[in-house]
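Next come the chains, spelled out residue by residue.
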Amino acid sequence: WQLKAKSSHGPQEPPCLPALPLIGSLLSLQSPCPPHVLFKELQKKYGETFLMMMGSHRVIIVNQHAHAKEVLLKKGKIFAGRPRTVTTDILTRDGKDIAFGDYSATWRFHRKIVHGALCMFGEGSASIERIICAEAQSLCCSVSEAAAVGLALDLAPELTRAVTNVVCSLCFNSSYSRGDPEFEGMLRYSQGIVDTVAKDSLVDVFPWLQVFPNADLRLLKHCVAIRDKLLQKKYDEHKADYSDHVQRDLLDALLRAKRSAENNNTADINAESVGLSDDHLLMTVGDIFGAGVETTTTVLKWAVAYLIHHPDVQRRIQHELDTKIGADRPPRLSDRGSLPYLEATIREVLRIRPVAPLLIPHVALSDTSIGDFRVKKGTRVIINLWSLHHDEKEWNSPELFDPDRFLDSEGTGLTIPSSSYLPFGTGIRVCLGEALAKMELFLFLSWILQHFTLSVPPDHSLPSLEGKFGVVLQPTKYKVKATPRPGWWRAKSQTC
Ligand code: HEM
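Reading the values: the criteria
- Residues numbered from 1 in each chain as written.
- Predicted model: local features only at pLDDT ≥ 70, side-chain atom pairs only at ≥ 80, totals over all residues.
- Heavy atoms only, no water.
- UniProt positions renumbered as here; feature names shortened; annotations may be inferred.
- Helix = DSSP H or I, 4+ residues; strand = E, 2+ residues; numbered from the N terminus.
- Contact = heavy atoms within 4.5 Å.
- Areas by Shrake-Rupley, 256 points an atom, 1.4 Å probe, with all protein chains shown as cover.
- Phe/Tyr/Trp six-rings, centres within 6.5 Å; stacked < 30°, edge-to-face > 60°.
- Buried < 20%, exposed > 50% of the residue type's maximum accessible area, 1.4 Å probe, protein only.
- Near = heavy atom within 4 Å.
- Polar contact = N/O pair within 3.5 Å; in protein donor to acceptor, adjacent residues only side chain to side chain.
- Pairing = 2+ DSSP bridges.
- Axes fitted to C-alpha atoms, helices over the stretch in contact; angles between N-to-C directions.

As recorded by UniProt, the Cofactor (unreviewed entry) comment attached to the protein reads in full: "heme". What UniProt states about the protein under its Subcellular location (unreviewed entry) heading is, verbatim, "Membrane".

What follows is the structure in structure tokens.
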């Protein structure tokens, strides 16, 4: 009967959570669990793809990979929209960035320029390797100072500094030393933004609530104002000594693209049609900071937490490092191919604790469908990566941390054992920094593990693996004991 109904009436509405006027499905979402875990639970009752109402917005939750790929790849262009929300509009001057900007000619042009610039300063050149290694070296020196006096260490601030400096070098050709007031200010405002933006807070669901005093919105506006002042300063400095002949960094590349669009030199596009304003350039750089720092730092923090829980995994990576690299030189990007177990461990960390468990919401730009379900134009679509990465049909014991699942049967080559694995998304909106992030994860972790063994400090408990959900899924604070490894002393003379 169902089949008959489908063929006579076309695609069906997805099953919908109970919804009331005005508040929508809010009552079904009351739960102590974070949203990605709740959505995974709700699929038992409503099916893998279901609909809910957030205020007046229709939101489809996708919990399985075939539908996820249909949204992201097969119908990527149709689902390439982003929702406008109160908090992201404040952050991005009404969507003039890449991550939260809606799909348009301007957006496409921006993504193309930034992608090109990232390739030039990232994958395509040795300079990014030099930048990351310099930060890895500085990180190892700081850790070794603390280790020498037997301190229990919170690695988070040093990891954040290292990753922020990589992004600073990339965007502005500059970096910060520890304690720099500008840098400390940047950390403070970043935290304020992370704490307040895009958390599906009530004002994003019910925009009219903005008329009431709201402490989160006040904090967000304050932090964005500080960020904008800093970005404007860097932008003015770059404009002042810009030359068409030298491209020092991403900001130069953006300026050059803007100028050439204004002079109508670009073959396929002109400034009028793409509207490449100063705001767009500033927000794009803000995006790279926003999307590039918190994510990568968080993965590093998860990796260290899991390595402390699994000393056997740590020993196996160190054995691989000792046999393939030794202690006389630090790891290089060209070693990636010969360290499969480390790469498999990084993949497993990205699977078991995806930092963006719900990706960024997508929006259907026209009436369409997902599988047999009808999707109306304007519907928001949330891909629940958490469900994909913990799907029992796709992964053996998904809750188990097991890097071996990413190695082939000989244990020497890398594989991806299920298509239910999308830590960086895929398609038109795939993460722009995937290649950069992978380089950073590899170099930072290999440097750290070549030099130190990480464990729980005496009188401390193991890090919690549960996580705290905000813009990204973060581990709660924990401390580590870093023991210098034999051989580190030989390498030390070359590093600190
Ligand atoms: C391990 C670190 C990272 C992870 C796991 C990660 C993951 C993701 C994910 C899941 C998305 C959303 C895809 C979607 O909505 O379909 C995304 C978007 C994005 N990421 Fe990353 N990311 C990481 C690091 C970075 C870095 C280092 C940069 C910058 C250089 C970056 C820049 C972006 C941008 C600009 C977007 C928006 C793309 C768009 O909307 O078109 N990310 N990332």
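A.B. asks: Break down the overall build of the protein for me, citing the residues and quoting the values.
C.D. replies: Along the backbone of the protein there are 18 helices and 10 strands. For the protein, the proportion of contacts with a sequence separation of at least 24, taken over those separated by at least 6, is 74%. Just so you have it, the protein exposes about 22,000 Å², and 56% of that area is on carbon and sulfur atoms.

A.B. asks: Tell me about the packing of aromatic side chains, residues and numbers included.
C.D. replies: Counted according to the given criterion, the structure contains nine aromatic pairs. Centre to centre, the rings of Tyr-46 and Phe-50 are 6.1 Å apart; their planes meet at 50°, and the pair counts as tilted. Given a relative accessible area of 15%, Tyr-46 falls into the buried group. Relative to Phe-406, the ring of Trp-395 has its centre 5.9 Å away and its plane inclined at 50°; by these criteria the two rings are tilted.

A.B. asks: Give a description of the UniProt feature "binding site: heme" (unreviewed entry) in the protein that names residues and reports values.
C.D. replies: If you check UniProt for "binding site: heme" (unreviewed entry), the listed places come out as Cys-431 in our numbering. Positionally, Cys-431 belongs in the loop between helix H16 (385-389) and helix H17 (434-451). Classification of Cys-431 as partly exposed rests on a relative accessible area of 33%.

A.B. asks: An account of the site of the ligand is needed here, citing residue identities and associated values.
C.D. replies: As a structural note, the neighbourhood of the ligand is formed by 24 residues, with Arg-82, Arg-111, His-362, Arg-429 and Cys-431 the closest of them. Taking Ala-291, its main chain carries an N or O atom lying 3.5 Å from a nitrogen atom of the ligand. Note that an oxygen atom of the ligand is positioned 2.9 Å from one of the side-chain N or O atoms of Arg-429. Elements that contribute at least two residues to the shell around the ligand include exactly helix H5 (105-121), helix H13 (278-309) and H17.

A.B. asks: Quick rundown of the sheet that holds strand E6 (residues 380-383)? Include the residues and the values.
C.D. replies: One open sheet accounts for four strands, arranged E1-E2-E6-E3; its pairing is mixed. One side of each edge strand has no neighbouring strand; the edge strands of this open sheet are strand E1 (49-54) and strand E3 (362-363). The pairing of E3 with E6 spans two bridges and is antiparallel. Note on E6: the bridge partner recorded for Val-363 is Arg-380. The strands touched by helix H2 (residues 35-46) are E1 and strand E2 (57-62); relative to E1, the strand with the most contacts, the crossing angle is about 115°. The strands touched by helix H3 (residues 65-74) within the sheet are E1, E2, E3 and E6, with E6 carrying the most contacts at an inclination of about 125°.

A.B. asks: Give me the lowdown on the pairing of E1, citing residues and values where you can.
C.D. replies: For E1, the tally of buried residues reaches six of six residues, placing the bulk of the element in the interior. The alternating pattern of E1 places Thr-49, Leu-51 and Met-53 on one face and Phe-50, Met-52 and Met-54 on the opposite face, and all of these are buried. In this sheet, E2 lies alongside E1 in antiparallel orientation, the contact comprising six bridges. Residue pairing in the sheet places Met-52 in a bridge with Val-59 of E2. The hairpin formed by E1 and E2 contains two residues between the paired strands, and Gly-55 there has a positive phi angle of roughly 60°.

A.B. asks: For unusual backbone geometry, give the residues involved together with the corresponding values.
C.D. replies: Positive phi values are uncommon outside glycine, yet Asn-173 reaches one of about 60°. Along the polypeptide, Asn-173 turns up in the loop between helix H7 (156-172) and helix H8 (181-196). Residue Asn-173 is classed as partly exposed on the basis of its relative accessible area, which comes to 47%. Of note, Leu-359 is a non-glycine position whose phi angle comes to about 50°, a positive value.

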